[in-house]
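Now for the letters of each chain:
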Amino acid sequence: GDFSNECALRIRKMNNVWRLWRRLWVSSASFQFRLTIFKCMIVSTLLSGAIAYALKNKHYKKIQTALAKKARAFYRGKACTTNDDGTRTTMNNVTVLAALGLAPVKVELSILRLRWYAQIATEPSNHVMFISAMFGNFYNLPADVSPNHPHMQQYINDIKLCSNVE
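Residues numbered from 1 in each chain as written. Predicted model: local features only at pLDDT ≥ 70, side-chain atom pairs only at ≥ 80, totals over all residues. Heavy atoms only, no water.

With respect to the pattern of salt bridges
Between side chains of opposite charge, pairing is possible as soon as their charged atoms come close.
Then comes step 1: Following the criterion strictly, the structure yields 2 salt bridges and no others.
Then comes step 2: Across the pair glutamate 6 and arginine 10 runs a salt bridge, and its minimum N-O distance is 3.2 Å. On the criterion of helical spacing, the pair formed by glutamate 6 and arginine 10 is a turn pair, its members being 4 residues apart in helix H1 (residues 4–20).
Then comes step 3: Take arginine 10: its relative accessible area is 13%, and that puts it in the buried class.
Then comes step 4: A salt bridge links aspartate 158 to arginine 113; its shortest N-O distance comes to 2.4 Å. One end of the pair, aspartate 158, is in helix H9 (residues 150–163); the other, arginine 113, is in helix H6 (residues 105–122), with 45 residues separating them in the sequence.
Then comes step 5: Residue classification places arginine 113 among the buried positions, given a relative accessible area of 0%. (Salt bridge = Lys/Arg side-chain N within 4 Å of Asp/Glu carboxyl O. Helix = DSSP H or I, 4+ residues; strand = E, 2+ residues; numbered from the N terminus. Buried < 20%, exposed > 50% of the residue type's maximum accessible area, 1.4 Å probe, protein only.)

A short note on the nonpolar core
Then comes step 1: Trp25, Phe38, Leu67, Leu100 and Leu109 are the most contacted members of the largest nonpolar core, which totals 31 residues.
Then comes step 2: Aside from chain neighbours lying at most four places away, what touches leucine 100 is Phe31, Leu35, Phe38, Lys39, Ala71, Phe74 and Tyr75. (Core = buried A, V, L, I, M, F, W, Y, C linked by side-chain atoms within 4.5 Å. Contact = heavy atoms within 4.5 Å.)

Some details on the packing of aromatic side chains
Then comes step 1: The full count for this structure, using the stated rule, is 9 aromatic pairs.
Then comes step 2: Ring centres of tryptophan 18 and tryptophan 25 lie 4.7 Å apart, and the angle between their planes is 15 degrees; this geometry places the pair in the stacked category.
Then comes step 3: Given the relative accessible area of 13%, tryptophan 18 is considered buried.
Then comes step 4: Under the relative-accessibility criterion, tryptophan 25 is labelled buried at 3%.
Then comes step 5: When the ring of tryptophan 25 is compared with that of phenylalanine 38, the centres are 6.0 Å apart and the planes differ by 80 degrees; the resulting orientation is edge-to-face. (Phe/Tyr/Trp six-rings, centres within 6.5 Å; stacked < 30°, edge-to-face > 60°.)

Observations concerning H1
Then comes step 1: Here H1 spans 25 Å end to end across 17 residues, near enough to the 24 Å set by a 1.5 Å rise per residue.
Then comes step 2: When H1 is considered as a whole, its buried residues turn out to be Ser4, Glu6, Cys7, Arg10, Ile11, Met14, Val17 and Trp18. Viewed end-on, H1 has its buried residues packed into an arc of 160 degrees, placing them on one side of the element. Of the exposed residues in H1, the ones pointing more than 90 degrees away from its buried face are Asn5 and Leu20.
Then comes step 3: Taken together, the buried residues of H1 touch helix H2 (22–25), helix H3 (31–47) and helix H4 (57–75). (Expected span 1.5 Å × (residues − 1). Arc of directions from axis to C-beta.)

A look at the side chain of glutamine 154
Then comes step 1: Here glutamine 154 lies in helix H9.
Then comes step 2: Given a relative accessible area of 5%, glutamine 154 falls into the buried group.
Then comes step 3: Among the polar contacts made by the side chain of glutamine 154, one reaches the side chain of tyrosine 60 at a distance of 2.9 Å.
Then comes step 4: With near-sequence residues (within four places) excluded, glutamine 154 lies in contact with Tyr53, Ala54, Leu55, Tyr60 and Arg113. (Polar contact = N/O pair within 3.5 Å; in protein donor to acceptor, adjacent residues only side chain to side chain.)

Take a look at the structure:
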């Protein structure tokens, strides 16, 4: 199915969780403690369930933008510096996420999805219905699956992307 509605829902849910924890973000709690809560509550809420969809670039962009906004708010102004001449320099979103120990959303989801596929691959006979639904007839997989099937394309793209990540 299309991820557009789910994408909007995930962003709303993430914003709700952000508001529930709003006192923590501005508290004097240690950076590491706040970062742990950020990753566990904000990032996991946003990415929850996304691994089950074949996402389009527009979905990655929306999720990346929503996460970057919260990451900048979490970072509380440290993503910008004022130069000696008074001009401001801002870190790009990928740099902000990296400073928090997060990869770009596309990479994060690819890693999660490949871990998920690996779990399924350990016991494929227990997942025949799932594999058939995602990729086509399990027993004749190479012959029956079109490389244009959206989930097969997602799988191929995930492997390519992760093979280039350092």
